[in-house]
Amino acid sequence: MTTWDVAGVAEELLRCEDERRDRAPFTDEWPELDLDTGYTIQDLTLEKRLARGETLVGVKLGLTSRAKQERMNVNVPLVAWLTDAMVLPAGERVPQEQLIHPRVEPEIVFVMGDRLEGPGVTAATAMAAVSIVLGGAEVIDSRYRDFRFTAGDVVADNASSGAYVTGPVGVPPSELDLSLEAVLVEVDGQVVDSATGAAVLGHPGEALALAANELARRGRVIEPGWVVLTGGMTDAVPIPPGSSVAMHFTNLGSVHVRGGEVQPCP
Ligand code: OOG
Ligand code: MG
């Protein structure tokens, strides 16, 4: 008999985050924790983040590329929340003292100009609401040991949110073909992976449309000024203390992420 319920899982996930403690996925004990239940838990954790003073700044997509879906063994794109506490200013080290086992992935990032309300949003209508496009890097940090989870677990865990960095170059969407926008992932000076925007559901605008339509189901809209991370274009790479990762985009500049200071886990 499981003793978990949505409120208990929401609390435990935030406690793990605060204490830098990983754990087994809840579905080991509560297999009924499906996508819908995961979203209910995710919304509860957002309420708790807001109640402790964080501000909602946007949304992130997860598992929008085949590279990510195959690696994480979850075959459905996800939507999760971004708050101001997740902003990592360019040039700052990964806050290792707050994280369990951070990994970094390259993402195409939108800043919204107009409100975007689903359902029925297409990639074209979604892109028309974007003000600027940026290169970015997301530092993900699952609360599940070894990043092992089902779709319900990872949705509940706010899609492994940790921190995100945005790049130095903002371009209006009309000036770029985002399917062809490429990124090279470099770890300590060695290229380890590459992709183009087409890796993200064919075009990152599809991810934005998906987010708007999914949020409509939850009674929410994408607001002007929000940041949208469209999902890792490649598999994520670990960023241990002392390492550095660079994401070099064709037109969106380079985003550098430096590993944190050595911090033994408690
Ligand atoms: C889930 C988070 C996914 C992305 O961009 O695909 C995500 C994970 O990989 O732990 O942020
Ligand atoms: Mg991501």
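Residues numbered from 1 in each chain as written. Chains lettered and ligands numbered in written order. Predicted model: local features only at pLDDT ≥ 70, side-chain atom pairs only at ≥ 80, totals over all residues. Heavy atoms only, no water.

Caption draft 1: Expanded view of the overall build of the protein. When you go through the protein residue by residue, the secondary structure sums to six helices and 11 strands. For the protein, the C-alpha radius of gyration of 17 Å lies close to 18 Å, the compact-globule estimate for 266 residues. Projecting the C-alpha coordinates of the protein onto the three principal axes gives extents of approximately 55 × 45 × 35 Å. A total of 266 residues make up the protein; the buried ones form 55% of that total. In the protein, the share of contacts with a sequence separation of at least 24, taken over all contacts with a separation of at least 6, comes to 75%. Working note: accessible area of the protein is about 10,800 Å², and carbon and sulfur atoms make up 51% of it. (Helix = DSSP H or I, 4+ residues; strand = E, 2+ residues; numbered from the N terminus. Rg over C-alpha atoms; globule rule 2.2 N^0.38 Å. Buried < 20%, exposed > 50% of the residue type's maximum accessible area, 1.4 Å probe, protein only. Contact = heavy atoms within 4.5 Å. Areas by Shrake-Rupley, 256 points an atom, 1.4 Å probe, with all protein chains shown as cover.)

Caption draft 2: Molecular detail of the coordination of the magnesium ion (ligand 2). Looking at the magnesium ion (ligand 2), the protein donor atoms are Glu 105 (OE), Glu 107 (OE) and Glu 138 (OE), and they sit 1.9 to 2.0 Å from it. Here the donor residues for the magnesium ion (ligand 2) map to a single chain with the spacing E-x1-E-x30-E. Across the pair, Glu 107 and Glu 105 agree in class, each one buried. (Donors = N, O, S within 2.8 Å, 3.2 Å for Na, K, Ca; no water.)

Caption draft 3: Inspection of the site of ligand 1 at higher detail. Lining the immediate environment of ligand 1, one finds 17 residues, of which Leu 63, Lys 68, Glu 105, Ser 160 and Gly 232 sit closest. Within the side chain of Glu 107, an N or O atom sits 3.1 Å from an oxygen atom of ligand 1. Ser 160 has a polar side-chain atom sitting 2.6 Å from an oxygen atom of ligand 1. Coverage of ligand 1 by the protein amounts to 100% of the 320 Å² it exposes when considered alone. Only strand 1 (56-62), helix 3 (66-72), strand 3 (103-112) and strand 4 (130-140) provide two or more residues apiece to the shell around ligand 1. A total of three residues in the shell around ligand 1 trace back to one element, the largest contributor, which is strand 1. (Near = heavy atom within 4 Å. Polar contact = N/O pair within 3.5 Å; in protein donor to acceptor, adjacent residues only side chain to side chain.)

Caption draft 4: View of helix 1 (residues 6-19). The end-to-end C-alpha separation of helix 1 is 20 Å, in line with the 20 Å expected for 14 residues at 1.5 Å each. Within helix 1, burial applies to Val 9, Ala 10, Glu 12, Leu 13, Leu 14, Cys 16 and Glu 17. Contacts from the buried residues of helix 1 go to helix 2 (35-51) and helix 5 (151-156). Trailing helix 1 by a residue or two, Arg 20 shows a phi angle of about 55°, which is positive. (Expected span 1.5 Å × (residues − 1).)

Caption draft 5: The arrangement of the sheet that holds strand 7 (residues 190-196) in detail. Taken in spatial order, the four strands line up as 7-6-10-11 in an open sheet, and their pairing is antiparallel. Whereas interior strands pair on both sides, the edge strands pair on one side only; in this sheet they are strand 7 and strand 11 (254-258). Adjacent strand axes in the sheet meet at a mean angle of 15° when their direction is disregarded. Pairing of strand 10 (residues 244-249) with strand 11, which is carried by five bridges, proceeds in the antiparallel orientation. (Pairing = 2+ DSSP bridges. Axes fitted to C-alpha atoms, helices over the stretch in contact; angles between N-to-C directions.)

Caption draft 6: Structural view of unusual backbone geometry. Backbone torsion omega between Gly 118 and Pro 119 reads 0°, so that peptide bond is classified as cis. Note on placement: Pro 119 falls in the loop between strand 3 and helix 4 (123-128). For Arg 20, which is not glycine, the phi dihedral falls at a positive 55°. With respect to the secondary-structure elements, Arg 20 resides in the loop between helix 1 and helix 2. A residue is classified by how much of its surface remains accessible, and Arg 20, at 8% relative accessible area, is buried. Backbone geometry at Asn 158 places phi at a positive 50°, although glycine is not the residue there. Here Asn 158 shows up in the loop between helix 5 and strand 5 (163-166).

Caption draft 7: The arrangement of the packing of helix 1 against helix 2 in detail. For the pair helix 1 and helix 2, the least separation of the axes is 9 Å and the interaxial angle reads 55°. Here helix 1 is positioned oblique relative to helix 2, judged by the angle of their axes. The handedness of the crossing between helix 1 and helix 2 is right-handed. Where helix 1 approaches helix 2, its residues Val 6, Ala 7, Val 9, Ala 10, Glu 11, Leu 13, Leu 14 and Glu 17 are matched on the opposing element by Thr 37, Thr 40, Ile 41, Leu 44, Thr 45, Lys 48 and Arg 49. Of the residues assigned to the contact of helix 1 with helix 2, the class counts are eight nonpolar, three polar and four charged. (Parallel < 35°, antiparallel > 145°, perpendicular 65-115°, else oblique. Left-handed = near helix turned anticlockwise from the far one by under 90°. Nonpolar A, V, L, I, M, F, W, Y, C, P; charged D, E, K, R; others polar.)

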